[in-house]
Amino acid sequence: MKKYDHKKIEARWQKAWQDEKIYEPDLKKAEKPFGTTQGKPFYNLMMFPYPSGEGLHVGHAFAFTGADVYGRKKRMEGRDVFEPMGYDSFGIHAENYAIKINEHPKELTRKTTERYEAQLKSMGIGYAWDERLLTSDAEYYKWTQWIFMQMWKHGLAYRKKQAVNWCPSCKTVLADEQVILRGVKNDPEQMRGIGVCERCSSVVKKKNLEQWFFRITKYAEKLLQNLEKIDWSEKIKIAQRNWIGRSEGASIRFRIKYKVSSIKSSDEYIEVFTTRPDTLFGATYMVLAPEHELISNLKSKISNFKEVENYVKKARSKTEEERTVETKDKTGVELKGIKAINPTNNEEIPIFAADYVLSGYGTGAIMAVPAHDERDWEFAKKFDIEIRNVIDPVFSTFEGKTEERERVVALVEDGDKVLTINWGPGKGGRLLVGGGIQSSEGPVETAQREIAEEAGYTHVKLAEIGQETVHYKYFSHNKKAGFHAHVKILHFKLEKKERVAQKLEDNEKGWFVVEWISKEQAGREIIDPLHNYVFQKFIAGKCYAGTGIMANSGKFSGMDSEEAKWAITKLVGGERKIQYRLRDWLISRQRYWGAPIPMIFCDTCAAAGKGEYPSASGEMHGWYAVPEKDLPVELPFIKEFRPQGKNESPLASVKEFYETKCPACGAKARRETDVSDTFLDSAWYFLRYPSVHNEKEAWDKALTKKWLPVNMYIGGAEHAVLHLLYSRFVTMAFHDFGILDFEEPFSVFRAHGLLIKDGAKMSKSKGNVVNPDEYVKNFGADAFRMYLMFLAPFEQGGDFRDQGILGITRFLDRVWKMGMEVSEGKEIEKTNSETETLIHQTIKKVTGDIDGLQYNTAISALMVFLSGLEKDGANRENFEILLKLLASFAPHITEELWYELGNKTSIHTSAWPKFDAALALGDTIDFVIQVNGKHRGTINIRRGIGQDEAEKLARETEKVKTALAGKNVHKVVFVPDRLINFVVQ
RNA sequence: GCCCGGGUGGCGGAAUGGUAUACGCGCAACACUUAAAAUGUUGUGAGCGAAAGCUCUUGUCGGUUCGACUCCGACCCCGGGCACCA
């Protein structure tokens, strides 16, 4: 018997597969794969890596193997699987690593891609290497530049000066998506996280620079809407939804009044966006972002302009200095001499400049409603501005065990019954009001609306001494417990009653005595001062940001706040508006290792007011795209490639590079020296793979039609709002340019889990990176692949420990042994029925599990299958099924044994086994017997048995006899083919 | 604070509302061996019991159900994402 020598076998087959190109589908004639089965193109894509020089770690191995398993099964199912691989070799991540090890990125790329390739091949991953691509190759980035140019020509690329994120270590600007918040846990001091660079974790600063942007915001709605149509991991969709951040609200104008003159002189206004127009009556001041243009525009009108200017300067520089901790502490300054007019009541309200209002969102100005917005509340407290409540919380009742949180604040006596009114904090900052009827001795009875009504009470009034008597609308919308009361305060009682003393405990200063009143008495009137009193008394310290009933709002008082939203908007002439959080994609990078942005600036044209002005890009005098025939704009090889930190790319000091001629007038002109964001390279690579050999076009029309969109895309969840969003945007844009006929690039996307080590993410700095090479060498690629797939659910990930790998090695050894025996003729003649059932069950299970990426349970089913064959005997027929099911996970050993059994073509192009659902069920079942829901044994019975027979058989068992002795069976639950349950008393 | 995941043996992890702990690791005993390793067989949630068996057990507390890891309500803990977005 031959020994299982994984090294020899794996090396041999890896070479053979490459020579025979079994993983190379015929891209042009994809309908005829390898002459066996008929099939259709299946584009199985895995996110490509960037070269880091350290080689691939087990996290990569885990992800790539998982994607490969999926592709291999699809191939065996007759699909023409295209599984390409490439390298995201351009860009800041590769360049940073090159700087670190002091090597030129070009050289680094060459070395590391070689290394990666050897590693990937050693793991037996079935890539179509003929279509390999590198984003740093000129034949690739030529088309990246072409994409930029198309964006420009269609008005989706523009240049603008604005405050942008600047990484002082990478010495370049970053897109919003590339700034991550280092977690500063939420604490009472309201510390915020700090924005740090996605690549190097340096604290990001703000700089005012002129940069290139892509108008991704134009696609905000479509990016959001299309999420409904694609089959992606739900968490990625959620992340994208949050990032796009759609809010519905109103745009409202506030007129400005100057102190020096009358209203008539002011046709100036402040426009704000608000999601809460219903709170407009409560807007007691306004805030402009420090960058807001009105501040300088109104310079002459602002009496304390010096002070304001100082603040603005400080606020701006604050973002430029190194900040360690940013707090939510509110700062600001009033713009004296001018006022805004609240359009609902024509009140004059003060205007502030404060940095808690962001210039980049909405209009950069807000109406502040301190009573109903936490940030405004804080600001108002600090600056002593009126807090005017205009929303009355909708009270919810207490339910279940909430006593310890209740604060009894009111009670009314009626004979021996006491009604208590409880107020307490509810979910989401809501105020909960409930109550109950307590008898003189018994425990608190849950207040039922019916109880109250039976007792003749439908309304409650509650009052405090000295306050005018009011009543509140009665609510009762919870069918089960409690009531909601708008109450009338009668008087404030300062002494405590023993009965509720415990409940009041220490935090209560007193309580209100309430009195039930009739519905008629109650009416609908609400008097605001008292409401404010109650509001501040019980919600004080935290404002109420929820919805509710309008108060203090003129004719809208009493209305539902949701309803009032649009009524008030209409009243003040506002407009309904959708606002997105998404910002335009900042494309320029002041770095060397990237695709040069293919634009030329001509001074002569600019002076003459000329330029190439694609619609919607705005008038950018002097700017021209590099003509298509001149692409690529080649990145020169320079030794001084390190970033210099002068807001410029190193290319800005390469004269031969930037000196050029204006494409329009021929005068001396200057090239753009910034390069594009590396995420532009990866935002379209999937379009290039099938057309990688096409030198004339970015992508071949026919091939694209055949292969795209991608059928299955597997990658990390960390790219939810970077690569995955950008790719969708680019695809949508090119669809609209008429160059692609689909909007969404990836029909299915699944995020794989992360492999962690000792409870922490693997990273070189933590020194817990596991290198897969050792495992491949010692245990073999098959064992390693399988172990990775077995160790955790693929989409969940887990802690990498190698203790379990022996289990897989043992399994493969047994497979090998069985293979040898079968090939030597030691086999049973006929598969018995038990094995027959097992075969069909296993095919069914493995097929379904691989489809659902549940590799760990698929492998466990294969283990059960092997044990079954060992017990009942194997033969060529049933063993080949095992091999096929195993082939995706362990491609080498299965191929070896497959040929050993006399097959002449690869197992990987053989047909996936089919199962018979009826056979998978089997003839007999273990039927469960329960008494009162407790397991009391099983009997093996024929499938499809009826209740009478089952019950008879069950009653005959000793256990049931004992359990039922002297008991009265009052119910029998029978679940066919599963269980019978005797319910006794 | 908000939004997602998740909490099951010593460990990784299984379970369409129907035998909780599949499969694997580890551990123990036995077989083979001069011996060890490898391999094979058996056992392995906890407690009580000589045994048959009984009781308890899926983060906590309640609820629905003949029956709950699974459904509902409230809470606790861990991991991840987002966060001054009006």
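Model, not experiment: these values are computed from the prediction.

**Student:** I would appreciate a short explanation of the protein's contact with RNA strand B in the present structure.
**Tutor:** Around RNA strand B, the surrounding shell holds 55 residues, and the nearest of these are Ser247, Thr275, Arg375, Arg978 and Asn981. Taken together, the sugar and phosphate atoms account for 58% of what RNA strand B places within 4 Å of the protein. Here a sugar or linking oxygen of RNA strand B and a side-chain polar atom of Thr274 are 3.2 Å apart. For RNA strand B, a sugar or linking oxygen lies 2.6 Å from a polar atom in the backbone of Leu791. Among the elements that make up the surface near RNA strand B, the one with the highest residue count is helix H26 (residues 855-872) (five residues). A per-class count over the surface near RNA strand B returns 21 nonpolar, 15 polar and 19 charged.

**Student:** Whenever I open this one, the packing of helix H24 (residues 805-823) against H26 confuses me. Can you help?
**Tutor:** Each packed pair of helices is defined by two parameters, the angle between the axes and the distance between the axes. Close contact between H24 and H26 brings their axes to 11 Å; oriented N to C, the two are set at 40 degrees. Taken together, the axis directions place H24 and H26 in an arrangement best described as oblique. The handedness of the crossing between H24 and H26 is left-handed. Along its contact with H24, which presents Ile808, Phe811, Arg814, Val815 and Met818, the element H26 presents Ile859, Leu862, Met863, Leu866, Ser867, Leu869 and Glu870. Across the contact of H24 with H26, the residue classes break down as nine nonpolar, one polar and two charged.

**Student:** Just to check I follow, could you spell out the nonpolar core for this structure?
**Tutor:** Generally speaking, soluble globular proteins have nonpolar side chains that are buried together. The biggest cluster of nonpolar side chains holds 189 residues, and the ones touching the most others in it are Leu120, Met151, Trp585, Tyr685, Phe784, Leu812 and Phe889. Leaving out residues up to four positions away in the same chain, Met151 has contacts with Leu156, Ala157, Phe214, Phe729, Val730, Ala733, Phe734 and Phe737. Core analysis: the second largest hydrophobic core is formed by 54 residues, Met286, Ile351, Tyr356 and Ala564 among them.

**Student:** Any chance you could explain unusual backbone geometry here in plain terms?
**Tutor:** Most peptide bonds take the trans form, and the phi angle of most residues other than glycine is negative. At the junction of Leu631 and Pro632, the peptide bond is cis and its omega measures out at 0 degrees in the coordinates. Turning to its location among the elements, Pro632 is positioned in the loop between strand E32 (623-625) and helix H17 (655-658). Here the bond from Leu708 into Pro709 is cis, since omega is 0 degrees, no more than 30 degrees from zero. Inspection of the secondary structure puts Pro709 in the loop between helix H20 (701-707) and strand E36 (712-716). Phi at Lys21 takes a positive value of approximately 50 degrees, unusual for a residue other than glycine. Locating Lys21 in the fold gives a position in the loop between helix H1 (6-20) and strand E1 (41-46).

About the cut-offs
Residues numbered from 1 in each chain as written. Chains lettered and ligands numbered in written order. Predicted model: local features only at pLDDT ≥ 70, side-chain atom pairs only at ≥ 80, totals over all residues. Heavy atoms only, no water. Near = heavy atom within 4 Å. Polar contact = N/O pair within 3.5 Å; in protein donor to acceptor, adjacent residues only side chain to side chain. Helix = DSSP H or I, 4+ residues; strand = E, 2+ residues; numbered from the N terminus. Nonpolar A, V, L, I, M, F, W, Y, C, P; charged D, E, K, R; others polar. Axes fitted to C-alpha atoms, helices over the stretch in contact; angles between N-to-C directions. Parallel < 35°, antiparallel > 145°, perpendicular 65-115°, else oblique. Left-handed = near helix turned anticlockwise from the far one by under 90°. Contact = heavy atoms within 4.5 Å. Core = buried A, V, L, I, M, F, W, Y, C linked by side-chain atoms within 4.5 Å. Buried < 20%, exposed > 50% of the residue type's maximum accessible area, 1.4 Å probe, protein only.

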